[in-house]
Amino acid sequence: ILGKYKEARMAIEKALRWNPVNFEINHAYNDTYRFENNWDKFYQLTLDTFKIAFTPKNLAICFSNMGTFFLEKGQYPAAIACYFLSLEYDDKEYTFIQSQLFYISTITNKVVEKPSWEEMKKLSKEYRFPLYPNEDVLSLAYYNGIKALQENKENPAKYFLSIYFNLTQDEEVKEILENLD
């Protein structure tokens, strides 16, 4: 519904009532505020969406959205950190993110470099954005995966442990998954 963001939001709100933890629905809802340049609402909803992100691609989208928010607010160090974090989880948007980083370089007249991990932690605290996947998502995925494994339910074990592994790259979980194949 091009340009009709309030109407789109109403339709998406109905979908959210049916499935409030669907990442794609939440992301579409957030975008209605972005398209209206309601940056504060977009920021808050993006922070909320981090809580349900359970794939690397979901996290990359959240970090990219945070980068866009900080770019719009002129908070370039935070934008740069978020764009680089996005690439850590999914490099499919490499061209878009490189263009955003080039834009920041152009307007600041500085070479953009990936911040150190210490700098990212400082920016995360200062600008209130997460650095990691949501702990509840990780705990639920791990717990349900191990529980399914103990109950000899191989497919659910693979499903949940894959979520955990894809977000953490945990070597022990990788080994468990390899043994399930």
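Residues numbered from 1 in each chain as written. Predicted model: local features only at pLDDT ≥ 70, side-chain atom pairs only at ≥ 80, totals over all residues. Heavy atoms only, no water.

### Quick look at the environment of Ser86
Stage number 1. Position of Ser86 among the secondary structure elements: in helix α5 (residues 76-89).
Stage number 2. Residue class for Ser86 comes out buried when judged on its relative accessible area of 2%.
Stage number 3. Here the alpha-carbon distance between Ser86 and Trp117, two residues 31 residues apart in the chain, equals 14 Å.
Stage number 4. Apart from residues lying up to four places away in sequence, Ser86 is in contact with Ala60, Phe63, Ser64 and Ile97. (Helix = DSSP H or I, 4+ residues; strand = E, 2+ residues; numbered from the N terminus. Buried < 20%, exposed > 50% of the residue type's maximum accessible area, 1.4 Å probe, protein only. Contact = heavy atoms within 4.5 Å.)

### Structural notes on the packing of helix α9 (residues 154-168) against helix α10 (residues 171-180)
Stage number 1. The N-to-C vectors of α9 and α10 enclose an angle of 150°; their axes lie 10 Å apart at closest approach. As far as their axial angle goes, α10 and α9 are roughly antiparallel. In terms of crossing hand, the pair formed by α9 and α10 is left-handed. Here Glu154, Ala157, Lys158, Leu161, Ser162, Tyr164 and Phe165 of α9 come into contact with α10, specifically with Val173, Lys174, Ile176, Leu177 and Leu180.
Stage number 2. For the contact of α9 with α10, the residue count by class is 8 nonpolar, 1 polar and 3 charged. (Axes fitted to C-alpha atoms, helices over the stretch in contact; angles between N-to-C directions. Parallel < 35°, antiparallel > 145°, perpendicular 65-115°, else oblique. Left-handed = near helix turned anticlockwise from the far one by under 90°. Nonpolar A, V, L, I, M, F, W, Y, C, P; charged D, E, K, R; others polar.)

### Focus on the nonpolar core
Stage number 1. Within the largest apolar cluster, 55 residues are counted, with the highest numbers of intra-cluster contacts made by Phe50, Leu59, Phe63, Met66, Phe70, Tyr83 and Phe129.
Stage number 2. Of the residues forming this core, the biggest block, 10 residues, is contributed by α5.
Stage number 3. Beyond its immediate stretch of four places on either side in the chain, Met66 contacts Tyr43, Thr46, Leu47, Phe50, Cys82 and Phe129. (Core = buried A, V, L, I, M, F, W, Y, C linked by side-chain atoms within 4.5 Å.)

Purely geometric stuff here, so don't read any function into it on its own.
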